[in-house]
Amino acid sequence: MRSTTRRNLAAAAVIAVIIAAALVCTAAGTLTAFSARYTWQSDEGMSGSFPFEDTEYTLALFDGTAGFLPGDGGSALLEGPSFAGYTPIWSFSENNPSGIPVVYFVKDESGEIVPDSAYSAYEFSPLNGNYAACDDGTRIAVADISRESADLAAALAVGHTLAWMWPSAFYESETAETPLDTPAVDAYDADCLEFCTFYAFPDALKELFADGVVGVVTGYAEGSDTTLVWTAEERNNSLIVGENGSVTVCGTNAPVYSGGKFVSSFDYTRLTGGEEIWLFVTESKAAGLEERAGELGLGDIVSLAGVYSFEGENNAVPNEGGTRWLVKLSPAATAGSGHPVSVTVTATVTAA
């Protein structure tokens, strides 16, 4: 009896398992008709334009066509857009095929030189330990002048100023008053001379104007842009070129016409080729003057500039019936041939 009961219980257990399995299968088949999907729908965005475009600026770094010499320098403010929210990559390149020893550096908004921003392609290392200087008083430690432009480029920014100088002297310290005179400085000076184009009034002018000169122009009459003021000394009506390059006409130091005005105490060692001396000569002297100038190799620097008549003691006015000729003299190049220098600064900004 007991064993029969056990068999029945075992069978019941088996049946129960089968039924449970059947119920599970049945339930699964029934629930497949139900499902749920979760979806995230974004809000709408509109495409837009990149807020920058290729733009070229003019950087008046070397002050136009004016020739520059050792001791000169210049600067230009970097103007442009605000790059707020973007990080531009700056680069600097120089076109200086002759290797003129120009030093570039960056000044911040307050006018202070940004540390480690000095760069030059020229090898200044023989002068390490000294300070390079130009005529405006700027001094930079030679050891701080890098031959790599990466630090200079890193200092560039809109609102900063790119500056340059061509050192003309070297000092032992930032405050020393006496420029150095050493073999290294002498070698540097010799290099600089190779790059310079010097101008002067040729000695041959003395032969051309040994006589026939009436006077030298000293300026314009007040309130007039046509009436010239002139002066002369009858005892000496010739032109003299001094050893220092200065010019004396009719016993008077000749004023130099430069930058639209007459300069009475012009430094003849700083002639750049655009200056002139104006003088008056007689009709007989003017006849064939330009031809004789050409024979003396002065054809490019001597030119007749019109006929004048004298009024009063020292005024001269344009007059086709006059008897005095205005002659303009220009200095001539005496060394070198001029060497170009330019730089390019770029700022590249990307949307990334």
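Described in the following lines is the structure provided in the data block. (Residues numbered from 1 in each chain as written. Predicted model: local features only at pLDDT ≥ 70, side-chain atom pairs only at ≥ 80, totals over all residues. Heavy atoms only, no water.)

## Quick word on the overall build of the protein chain
If you tally the helices and strands in the protein chain, you get six helices and 21 strands. Looking at the protein chain residue by residue over its 352 residues, the buried ones come to 36%. Long-range pairs, those at least 24 residues apart, make up 70% of the contacts in the protein chain between residues at least 6 apart in sequence. (Helix = DSSP H or I, 4+ residues; strand = E, 2+ residues; numbered from the N terminus. Buried < 20%, exposed > 50% of the residue type's maximum accessible area, 1.4 Å probe, protein only. Contact = heavy atoms within 4.5 Å.)

## Digging into the pattern of salt bridges
Where charged atoms of side chains with opposite charge meet at close range, the side chains can pair. For the coordinates displayed, the defined rule picks out two salt bridges. Between K285 and D211 there is a salt bridge, with the nearest N and O atoms lying 3.3 Å from each other. With a gap of 74 residues between them, K285 in helix α5 (residues 283–286) and D211 in the loop between α4 (204–208) and β9 (213–220) connect regions that are remote in the sequence. (Salt bridge = Lys/Arg side-chain N within 4 Å of Asp/Glu carboxyl O.)

## Observations regarding a negative patch on the surface
A cluster of acidic residues, D181, D186, D189, D191 and E194, forms a negative patch at the surface. Mapped onto the elements, D181 comes out in the loop between β7 (169–171) and α3 (183–195). What makes D181 exposed here is its relative accessible area of 66%. (Patch = residues over 30% accessible without salt bridge, like charges linked within 9 Å, V, L, I, M, F, W, Y side chains within 5 Å. Areas by Shrake-Rupley, 256 points an atom, 1.4 Å probe, with all protein chains shown as cover. Lys, Arg positive; Asp, Glu negative; His and termini not counted. Charge placed at Lys NZ, Arg CZ, Asp CG, Glu CD.)

## Some remarks on the environment of P126
Within the element layout of this structure, P126 appears in the loop between β3 (103–107) and β4 (131–133). Overall, the relative accessible area of 59% leaves P126 in the exposed class. The spacing of P126 and V142 is 16 residues in sequence and 9.2 Å in space, taken between C-alpha atoms.

## Things to note about the pairing of strand β10 (residues 228–231)
Bridge count between β9 and β10: four bridges; the pairing is antiparallel. Looking across to β10, one finds that V216 is bridged to T231. Relative to strand β18 (residues 315–318), β10 runs antiparallel, the two sharing two bridges. Directly across from L228, in β18, lies its bridge partner A316. (Pairing = 2+ DSSP bridges.)

## Notes on the packing of aromatic side chains
Per the stated rule, a full pass over the model turns up 23 aromatic pairs. Residues Y122 and Y188 carry aromatic rings whose centres are separated by 5.8 Å and whose planes lie at 80° to one another, so their mutual orientation is edge-to-face. Taken as a pair, Y122 in the loop between β3 and β4 and Y188 in helix α3 lie far apart in primary sequence, 66 residues in all. Seen from their ring centres, F124 and Y188 are 5.9 Å apart, and the 35° between their planes marks the pair as tilted. In this pair, F124 sits in the loop between β3 and β4 while Y188 sits in helix α3, placing the two residues 64 residues apart along the sequence. Like Y188, F124 is buried. Taken together, the aromatic side chains of F62, F68, W164 and W166 make up a single cluster linked through ring pairs. The ring of Y171 has R139 lying over it, and the distance from NZ or CZ to the ring centre is 3.6 Å. (Phe/Tyr/Trp six-rings, centres within 6.5 Å; stacked < 30°, edge-to-face > 60°. Lys NZ or Arg CZ within 6 Å of the ring centre and 35° of its normal.)

## Topic: the nonpolar core
Judged by nonpolar contacts, the single largest core of 45 residues is most densely connected at Y104, F124, W166 and F170. Those elements that provide at least two residues to this core are β2 (89–95), β3, α2 (150–155), β6 (161–165) and α3. Excluding anything up to four places from it in sequence, F170 contacts F124, L127, Y131, A132, V142, P179, L180, V185 and Y188. Counting residues in each nonpolar core, the second largest holds 27 residues, with L205, F209, F266 and L329 among its members. (Core = buried A, V, L, I, M, F, W, Y, C linked by side-chain atoms within 4.5 Å.)

## Some words on the pairing of strand β17 (residues 302–311)
In this sheet, strand β19 (residues 324–329) lies alongside β17 in antiparallel orientation, the contact comprising five bridges. Looking at the pairing, Y308 lines up with R324 of β19. Summarising the sheet, β17 and β18 pair through four bridges and their orientation is antiparallel. Across the sheet, the residue bridging to F310 is A316, located in β18. Here β17 folds back onto β18, and the loop between the two strands holds three residues, one of which, G312, carries a positive phi near 65°.

## Observations concerning the environment of D191
Along the chain, D191 falls in helix α3. A C-alpha to C-alpha distance of 9.7 Å links D191 and G99, two positions 92 residues apart in sequence. In this structure the side chain of D191 is engaged in a polar contact, spanning 2.6 Å, whose partner is the side chain of Y122. (Polar contact = N/O pair within 3.5 Å; in protein donor to acceptor, adjacent residues only side chain to side chain.)

## Points about unusual backbone geometry
Phi is positive for D116, close to 65°, though the residue is something other than glycine. Among the structural elements, D116 can be located in the loop between β3 and β4.

## A look at the sheet that holds β6
The pairing of strands in a sheet happens through backbone hydrogen bonds and is either parallel or antiparallel. Spatial strand order, β1-β6-β3: three strands in an open sheet with antiparallel pairing. A single partner strand is all that each edge strand has here, and the edge strands are β1 (73–77) and β3. Looking at each pair of strands side by side, their axes are set apart by 20° on average, direction ignored. Examined bridge by bridge, β1 and β6 share five bridges and lie antiparallel to one another. Within β6, the residue paired with G74 across the bridge is W164. (Axes fitted to C-alpha atoms, helices over the stretch in contact; angles between N-to-C directions.)

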